[in-house]
Amino acid sequence: MALKSSPLVQGVLTPKVVGALLVGLLLGTLVFGVVLPSSARGAASSGAYQRPYPLPHQYWARTDEFYVFASGGQQGGLYVYGVPSMKYLSEIPIFNPDQAWGWTPEEPKVRKMLTNPWTEEVVTRGDTHHPSLSRTNGVYDGRWLFINDKLHPRIARVDLDTFRTGQILWLPNGNGGDHGLSVSPNSDLLVQNFEHEQVPDPAITQHLGLTVDLLKGPYVGAFSGVNIASDGAMSNAWQVWGPWGFDMVRIGWGKSDGWIVSTSYNTERALSAVPMFARDHDYAFFWNIASIRKAVADGKYVTTKQAPDVPVVSWKDVEVYVTPIPLNPHGIDISPTGKYVMTSGKATTLVVAIDFEKTLEAIQNKRFIGDDFGIPILDPDAVRAATMDLGMGPTHIEFDNQGYAYVGFFVDSDIKKVPLGEPYTRLHNKEPWKVVDVLPAHFSVGHLLVPGGDTAQPYGKYVISMNKLTKDTFLPHGPLESENHELYNIEQVPAQLIDQMPLGPETHYSQAIPASLVAPRVKTTYTEARAVAAEKPRVEYDYAAREVRVHMTVVRSFFTPDAFTVPEGWKVKTRLVSQETAMDISHGFALDGYNLSVSLDPGEVKDVEWVADKPGVHWFYCIWFCSELHMEMRGRAIVVPQADWTPDKETHLAS
Ligand code: CUK
Ligand code: CUA
Ligand code: CA
């Protein structure tokens, strides 16, 4: 019986229908099939992949194998879901305020992170593209996730013990348009490319020996190197500038250790779309990291007024090579041993596998076919392992643990599975570089992921395709449609599409990490409140500073104090101290009519500052349903008109 025709689904529970259901229940067959999830019914059919969650209680056992951290694009943070259940878990706000997830600039810590250090503007629009999980020896370690904002020159560190943003670092000398981001195999270096060409400080263009015209260009490109300390703290290390903008990037490992590989699709240095396709090829870049550090050590750099501590190095002073890649390459990805660097001509059907061992030999033997802006151009014949004609619009590539590459095609709307060459042939016993499987996608693949598919040891088993278009896959939900994350099991050929999930527009790269590396470190409560546990609730009036300081404890289901007075126009510094120790019992402080709402997790301490510029009674209330007395968990901020204020209206708490 088709689910569609089920009377339960249609909600037509007429007496006649209920009667029929009862008969069905008594007979114990057919009708029962209607109300069970389709997976439970499908379980008997042989060969079909069985979804591990036929019934909810099995989900309570928390049996998902992987967390997926999906960049939220214009949502400005991350989506988090489980695999293979494809169940949405949460969101992590980063660059955009999001009060649903307790991330509001009313909190000074958040406000400071969102503030551009040079302009002091609070920047609340972001566009996340490229998450990069921290790693040790080239393998995810579950400590942090780093991610960029394409709209502004800033990157963030998310701490995986709290699923909260711990740091936002602003990159100097650029206006944004930063794109590819990659973390080194031991998480001590991060590289952030500027895809959009810039008009930098004149000190930089002078150092580069290039001229840049504000109106006519051509502009110049850059990437930033960021140091990551052992506690995850990020700091600007250096910048390299060159004639082009740089798109995607990976820091190498294994055979490509010590090198940064990146792409540029605009080696034309064009200022509009069509001329960006003028050349029949652009480049893949190979940057030697040690040579960048040496240029800095040798003093071959300039600095700018904006960032006097950040050395800016010219491409001329470092070791860099290019090799031609057909028409406008985008993604550049590295196989698990670090040997193959794969990229593709986005506007072609061609996918290129570069052998990094051959590349190092070609550099040694000077197999150059010329130069561009002084950069030696490596002979494609000397560095390529394969050039494959695979389909329309190859965009991004990931790798599994069986020696296969997975290439996503935007135009073809599919993923092609391709065996890699040596040393992987002993794993798959296939002729390398020939398609062995085609995974249909719905529709237009952007990024794709294999769990661990950008590391030295992919976990394999699944591919998730992040499709840009959903067309009619889901119920209509307005002209701006969600995207479609599709889960395939890749343990067999053909791969099986096992689930789909709509997710907000629009994710770019996403990564999946074993649940066992993250779940055990996730905190359920904070311990900050212990430090101030001895402090008593109080209200202090500072007439010189025109400031009221409220020290408030918060516990089910009371604010203490639950009322205080403020003279109109004064600043109110409110310290909220959660005395909760139980998991999942968060409170909050939202103030009627004041554009102010902060979340307070168990054991957390938060400071909120606001100016009492609206006279009257303003209730503050708890924002989460924390107990059956949640609605009653509220109190009053009484803002007394300036003319009416007398010191006897001060609030004094009984001690
Ligand atoms: S990009 Cu969006 S699909 Cu910003 Cu990595 Cu290629
Ligand atoms: Cu505390 Cu609701
Ligand atoms: Ca081009």
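Criteria and cut-off values
- For every chain, the first residue of the written sequence is number 1, and numbering continues from 1 onward in sequence order.
- Lettering for chains starts from A, numbering for ligands starts from 1, and both go in the order in which the items are written.
- Owing to the predicted nature of the model, reporting of local features is limited to residues with pLDDT of at least 70; listing and counting of side-chain atom pairs is limited to 80 or more, with chain, interface and lining totals taken over all residues.
- Excluded from the side-chain calculation are hydrogens and water; included are all heavy atoms of the structure.
- A pair of strands is considered paired only if DSSP assigns at least 2 bridges between the two.
- Put simply, DSSP marks the helices as runs of H or I at least four residues long and the strands as runs of E at least two long, and each gets a number from the N terminus on.
- Fitting a line to C-alpha atoms yields each axis, with helices limited to the stretch in contact; the angle taken between N-to-C directions then spans 0 to 180 degrees.
- Only heavy atoms enter the contact rule, under which two residues are in contact if any of them lie within 4.5 Å.
- What makes a residue near a molecule or strand is one non-hydrogen atom of that residue sitting within 4 Å of it.
- Throughout, the edges of the domains are those of an automatic or database domain assignment.
- Remark: exposure states derive from per-residue accessible area (1.4 Å probe, protein chains only) relative to the maximum for the residue type, with buried under 20%, exposed over 50%, and partly exposed in between.
- Think of the arc as the fan of directions from the helix axis to the C-beta atoms.
- Polar contacts here mean pairs of N or O atoms no more than 3.5 Å apart (in protein, one a potential hydrogen donor and the other a potential acceptor; neighbouring residues in sequence count only if both atoms are side-chain atoms).
- The pLDDT value expresses, per residue, how confident the predictor is, ranging between 0 and 100.
- Only buried residues count toward a nonpolar core. Its members are Ala, Val, Leu, Ile, Met, Phe, Trp, Tyr and Cys residues joined through side-chain atoms within 4.5 Å.

Quick look at the sheet that holds strand β19 (residues 350-355) now. Ordered in space as β17-β18-β19-β22, the four strands form an open sheet in which the pairing is antiparallel. Because the sheet does not close on itself, it has two edges, and the strands there are β17 (329-334) and β22 (384-389). Neighbour-to-neighbour, the strand axes of the sheet open up by a mean angle of 15°, direction not taken into account. Where β17 meets strand β18 (residues 340-345), four bridges bridge the pair, whose relative direction is antiparallel. Looking at the pairing, Asp333 lines up with Met342 of β18. Contacts between helix α9 (residues 356-364) and the sheet are confined to β18, β19 and β22, with β19 contributing the most and set at about 65° to the helix.

Turning to the pairing of strand β3 (residues 87-92), a few remarks are in order. Pairing of strand β2 (residues 78-83) with β3, which is carried by five bridges, proceeds in the antiparallel orientation. Paired with Tyr81 across the bridge in β3 is Tyr88. In this antiparallel pair of consecutive strands, β2 and β3, the connection spans three residues, and Met86 shows a positive phi of 55°.

Once that is clear, we can look at the site of ligand 1. For ligand 1, the full set of nearby residues is His129, His130, His179, Met248, His330, His396, Gly446, His447, Lys468 and His508. Summarising the domain contributions, the shell around ligand 1 has at least three residues from each of domain 1 (178-382) and domain 2 (390-505).

A few words on α9. Those residues of α9 that fall on the buried side of the exposure criterion are Phe356, Thr359, Ala362 and Ile363. The buried side chains of α9 occupy one side of the element, clustering within an arc of 110° when seen end-on. Relative to its buried face, α9 has exposed residues pointing more than 90 degrees away, namely Glu361 and Gln364. Taking the backbone nitrogen of Glu357 as reference, a side-chain oxygen 2.9 Å away marks Asp355 as the first, capping residue of α9.

Mean pLDDT over the protein stands at 92; residues scoring 70 or higher make up 91%. For the stretch residues 1-46, pLDDT sits under 50, and the model shows 27 contacts to residues farther than four places along the chain or on other chains.

As a further point, take the nonpolar core. By size, the foremost hydrophobic cluster in this structure holds 43 residues, and its most contacted members are Phe223, Trp238, Ile260, Phe285 and Trp287. Filtering out sequence-adjacent residues up to four positions away, Phe223 remains in contact with Val191, Gln192, Asn193, Phe194, Trp238, Gln239, Val240, Phe246, Ile260, Trp287 and Ile292. Counting residues in hydrophobic clusters, the runner-up holds 30 residues, among them Val548, Leu596, Val598 and Cys626.

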